[in-house]
Amino acid sequence: MNKLIIMLSTIFIATLAVDANAQALSNKWKMQLGYNLSAPQGSFKNDFISNTSFKGAIGEISYAINPKFALGVQSGYQDYYQKYGRQVYHTQANETISAVVSNSMEIIPVLLKGTFSPMGDQASLIKPYVSLGAGLNLVNYRQYLGEFPGSDASGTFAAQAGAGVMVPFSKLNNNTGFKLGATYNYGAYNKNNIENLNNIGVNAGFIFNLK
Amino acid sequence: MKRKNVFFGGIIGLALAFTGCSKDPISNLTQDESRIYITNFDSTTNFSTLTTFSVSDSVLVVRNGQATKELTATDQGFINATINQMKGAGYTQVNKSNNPDVGVNVSRIYNTSTGVIVYNNYYGGYGNYYDPYYWGSRYGGYGYNMPYGYATYSIREGALTIDVLNLKDANANNGIKIAWTGLIRGSGIFSDDPNQQVKFLFDQSPYLKNR
């Protein structure tokens, strides 16, 4: 957790520094860095991990095609974990295992993402946006029976729909600000007795001009 | 363009940095939680017809395929715990010279040379470790028969096994069938209370009480 705080502080300072250098340049390239929490849904929640993950981050670089539309690449990291108390499992015909099961899922999404901001360049205290993305989840599945691990890494299809608001730091530069949003993430997955990696994410971070 | 590459690199770096935040599930386990208890049985054995038992007077220690008999205080603890659980399941303890219906072997298994034990290999060599004559001269011509297989279980440290051998039906079976096996794997097997550990194996095997 300390690592997370240090990293987010670094991101914030970097945001201000980069922005100071970029004031005079074009506003077309932007970067967003932020914190993300994620609540598993569906089979992901029912069959593997029901705990909300508070260990996550997102980063996005986007290019403004026009003041209202931007196209970008988003990545990030989310770490899910849950420990289940000792239970008895029937694993083969006559075989029974009593174990404490620990489930762990790490997801690194890489998405191509379009964002629509209906207010465009207009000065405003709050600027809403909606977004759609699709790409790949890099998935690292781990399940421990007691201290004995099983793991499986894979790449699977991912899609995302999101909405949120951007709060500009100042009226003079309304491309730099605080961003708060929510996403619904579809994650294809059909193995290890899990049918999908769907989750709802809530993110908070900073957006700033890159170039 | 160079600047863009730096920031794309930054996103990937950020994702990689966060992977270092991943919780190690094993570090979140107590010694007790690290252990798993696996049982398996021969479905053709009618446990209700087996009423008397005897437990071997020492523990077989298998190290790297070599077997010796030992009896430490911990070994005696596991033997006593096994006797108590067998009695609790309704079996009557008799001297092995009184032709018990089942013989019970308690074993410690280690493999220090490769660091891995594959249980199927251990049971494949069962006859090399346990002399059928131990249970009486009438079993001298018989080999051991493991009627069920385990999945690919392998371990890096010691394991404890309890095997219930069907002596009563050896003639009809043309060999000594291993009717039930309990395996304990994980940390602290030989330092924690044997009674609780052996109890787990019997509690998850209610068919042993089918009489």
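Residues numbered from 1 in each chain as written. Chains lettered and ligands numbered in written order. Predicted model: local features only at pLDDT ≥ 70, side-chain atom pairs only at ≥ 80, totals over all residues.

## Regarding the overall build of chain B
1) Next: Looking only at helices and strands, one finds seven helices and eleven strands in chain B.
2) Next: Excluding contacts between residues fewer than 6 apart, the proportion of contacts in chain B whose partners are at least 24 apart in sequence is 77%. (Helix = DSSP H or I, 4+ residues; strand = E, 2+ residues; numbered from the N terminus. Contact = placed C-beta atoms within 7 Å.)

## A closer look at the overall build of chain A
1) Next: A tally of helices and strands in chain A yields two helices and nine strands.
2) Next: A burial count over chain A gives 39% of its 211 residues as buried.
3) Next: Considering only residue pairs separated by 6 or more positions, chain A has 61% of its internal contacts joining residues 24 or more positions apart. (Buried ≥ 20, exposed ≤ 12 C-beta atoms within 10 Å, placed from the backbone.)

## Structural notes on the pairing of strand β1 (residues 29-40) of chain A
Residues and elements named next belong to chain A.
1) Next: Relative to strand β2 (residues 55-64), β1 runs antiparallel, the two being bridged by seven bridges. Across the sheet, the residue bridging to Gly34 is Ile58, located in β2.
2) Next: Relative to strand β9 (residues 199-209), β1 runs antiparallel, the two sharing eleven bridges. Each residue of the ladder has a partner; that of Met31, found in β9, is Phe208. (Pairing = 2+ DSSP bridges.)

## Here's the deal with the pairing of β2 of chain A
All names here are of chain A.
1) Next: Summarising burial for β2: nine of the ten residues are buried, a large majority.
2) Next: With ten bridges connecting them, β2 and strand β3 (residues 69-92) associate as antiparallel partners. Each residue of the ladder has a partner; that of Ser62, found in β3, is Gly72.
3) Next: Connecting β2 to the antiparallel partner β3 that follows it, the hairpin turn spans four residues.

## Observations regarding the nonpolar core
The tendency in soluble globular proteins is for nonpolar side chains to be buried as a group.
1) Next: Formed by 53 residues in total, the largest nonpolar core has its most connected members in Val102 and Val104 of chain B.
2) Next: Sort the elements by how many residues they give to this core and strand β11 (residues 176-185) of chain B lands first, with six residues.
3) Next: The contacts of Val102 of chain B, once residues within four sequence positions are left out, are Leu50, Phe53, Val164, Leu165, Asn166, Leu167 and Ala179 of chain B.
4) Next: Met105, Ile107, Ile194 and Leu197 of chain A belong to the second-largest nonpolar core, a separate cluster that totals eleven residues. (Core = buried A, V, L, I, M, F, W, Y, C linked by C-beta atoms within 7 Å.)

## Some words on unusual backbone geometry
Residue and element names in this part refer to chain B.
1) Next: The residue Asn99 is not glycine, and still its phi comes out positive at about 50 degrees.
2) Next: Within the secondary structure, Asn99 is located in the loop between β5 (92-93) and β6 (102-110).
3) Next: A positive phi angle is found at Asn174, which is not glycine, with a value near 55 degrees.
4) Next: Note that Asn174 resides in the loop between α6 (170-173) and β11.

## Some details on the packing of helix α3 (residues 73-88) of chain B against helix α7 (residues 194-203) of chain B
All names here are of chain B.
1) Next: Contact geometry of α3 with α7 gives a least axis separation of 9 Å together with a crossing angle of 40 degrees. Classified by the angle between their axes, α3 and α7 sit oblique to one another. For the crossing formed where α3 meets α7, the hand is right-handed. Residues Thr74, Gly77, Phe78, Ala81, Thr82 and Gln85 of α3 lie in contact with α7, whose contacting residues are Pro194, Asn195, Val198, Lys199 and Phe202.
2) Next: Taken together, the residues that form the contact of α3 with α7 break down as five nonpolar, five polar and one charged. (Axes fitted to C-alpha atoms, helices over the stretch in contact; angles between N-to-C directions. Parallel < 35°, antiparallel > 145°, perpendicular 65-115°, else oblique. Left-handed = near helix turned anticlockwise from the far one by under 90°. Nonpolar A, V, L, I, M, F, W, Y, C, P; charged D, E, K, R; others polar.)

## Observations regarding α3 of chain B
Residues and elements named next belong to chain B.
1) Next: Here α3 is 16 residues long and its end C-alpha atoms lie 22 Å apart, about the 22 Å a rise of 1.5 Å per residue gives.
2) Next: Three or more residues of α3 are buried, namely Asp75, Phe78, Ile79, Ala81, Thr82, Gln85 and Met86. Down the axis of α3, the sector holding all buried residues measures 160 degrees, keeping them to one side. The exposed set on the far side of α3, more than 90 degrees from its buried face, consists of Ala73 and Lys87.
3) Next: Among the residues trailing α3, Gly90 stands out with phi positive, at a value near 105 degrees. (Expected span 1.5 Å × (residues − 1). Arc of directions from axis to C-beta.)

## Describing the confidence of the model for chain B
1) Next: When pLDDT is averaged along chain B, the result is 83, and 79% of the positions lie at 70 or above.
2) Next: Complex prediction metrics read pTM 0.82 and ipTM 0.82. (pLDDT = per-residue confidence, 0-100.)

## Thoughts on the environment of Gly72 of chain A
All names here are of chain A.
1) Next: Mapped onto the elements of the fold, Gly72 is located in strand β3.
2) Next: Assessed through the 20 C-beta atoms surrounding it within 10 Å, Gly72 is described here as buried.
3) Next: Once residues lying within four places of it in the same chain are set aside, the contact partners of Gly72 are Glu60, Ile61, Ser62, Tyr63, Lys113 and Thr115.

## Considering the environment of Ile107 of chain A
All names here are of chain A.
1) Next: As for its placement among the helices and strands, Ile107 is situated in strand β4 (residues 95-116).
2) Next: Judged by the 25 C-beta atoms lying within 10 Å of it, Ile107 is buried.
3) Next: Remark: the alpha-carbon pair of Ile107 and Ala204, spanning 97 residues in sequence, is separated by 18 Å.
4) Next: For Ile107, the residues in contact, after removing those within four places along its chain, are Gln78, Asn137, Val139 and Leu197.

## Things to note about the confidence of the model for chain A
All names here are of chain A.
1) Next: On average, chain A scores 88 in pLDDT, and the residues at 70 or more come to 86%.
2) Next: Taking the mean pLDDT of every element in chain A, the minimum, 49, falls on helix α1 (residues 2-22) and the maximum, 97, on strand β7 (residues 177-191).
3) Next: Across residues 11-25, confidence stays below pLDDT 50; counting only partners more than four residues off in sequence or on other chains, it has 17 contacts.

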